[in-house]
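For reference, the chains in residue letters:
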Amino acid sequence: MNDIKITIIDRTGNEHIVDAPTDMNMNIMELVRAYELAEEGTIGICGGMAMCASCQCYVLNEEEVNLPEKNPDEEAMLWEAFNVKENSRLGCQIGISPEIEGLRIELAPES
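As annotated in an unreviewed UniProt entry, the chain is 2Fe-2S iron-sulfur cluster-binding protein from Paenimyroides aestuarii. Quoted verbatim from the Cofactor (unreviewed entry) field of the UniProt record, the comment on the chain reads "[2Fe-2S] cluster".

This is the structure in structure tokens:
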């Protein structure tokens, strides 16, 4: 298994350090769902197509990890979303790979 550690702060402020598999083609939104860190039906509503922003998160240590650049669909969705900050990303657009080992995120509030 090729797991990395990712820290996720849920919407109630609790911090979870989780194992994230790098060999299953998962993304952060799917990881949050797998660990049930958000209430059922409140994250990944569009199925990971960058069309709803329900998986918006705040990256707390962007300078320490090698995140992929935002693509145009992610940029457009964040432009329309609520509670957007400078460090906002869509969890569905961040694939789990060895480059993001140690990533720390906080789930954005529900819109």
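Engineer: I keep staring at the overall build of the chain and nothing clicks. Help me out?
Structural biologist: Summing up its helical and strand segments, the chain has two helices and five strands in all. For the chain, the α and β elements follow one another from N to C terminus as β-β-α-β-α-β-β. Here the C-alpha atoms of the chain give a radius of gyration of 13 Å, agreeing with the 13 Å that 2.2 N^0.38 yields for 111 residues. Taken over the C-alpha atoms alone, the chain extends approximately 35 × 30 × 25 Å along its principal axes. For the chain, buried positions account for 44% of its 111 residues. Here the chain displays about 6,400 Å² of accessible surface, and carbon together with sulfur accounts for 47% of that area.

Engineer: What's the story with the pattern of salt bridges in this structure? I'm lost.
Structural biologist: If charged atoms from side chains of opposite charge come close, those side chains can pair. Here the structure, examined in full by the defined rule, presents three salt bridges. For Glu15, the salt bridge identified is with Arg104, shortest N-O distance 3.5 Å. Taken as a pair, Glu15 in strand β2 (residues 15-21) and Arg104 in strand β5 (residues 104-107) lie far apart in primary sequence, 89 residues in all.

Basis of the calculations
- Residues numbered from 1 in each chain as written.
- Predicted model: local features only at pLDDT ≥ 70, side-chain atom pairs only at ≥ 80, totals over all residues.
- Heavy atoms only, no water.
- UniProt positions renumbered as here; feature names shortened; annotations may be inferred.
- Helix = DSSP H or I, 4+ residues; strand = E, 2+ residues; numbered from the N terminus.
- Rg over C-alpha atoms; globule rule 2.2 N^0.38 Å.
- Buried < 20%, exposed > 50% of the residue type's maximum accessible area, 1.4 Å probe, protein only.
- Areas by Shrake-Rupley, 256 points an atom, 1.4 Å probe, with all protein chains shown as cover.
- Salt bridge = Lys/Arg side-chain N within 4 Å of Asp/Glu carboxyl O.

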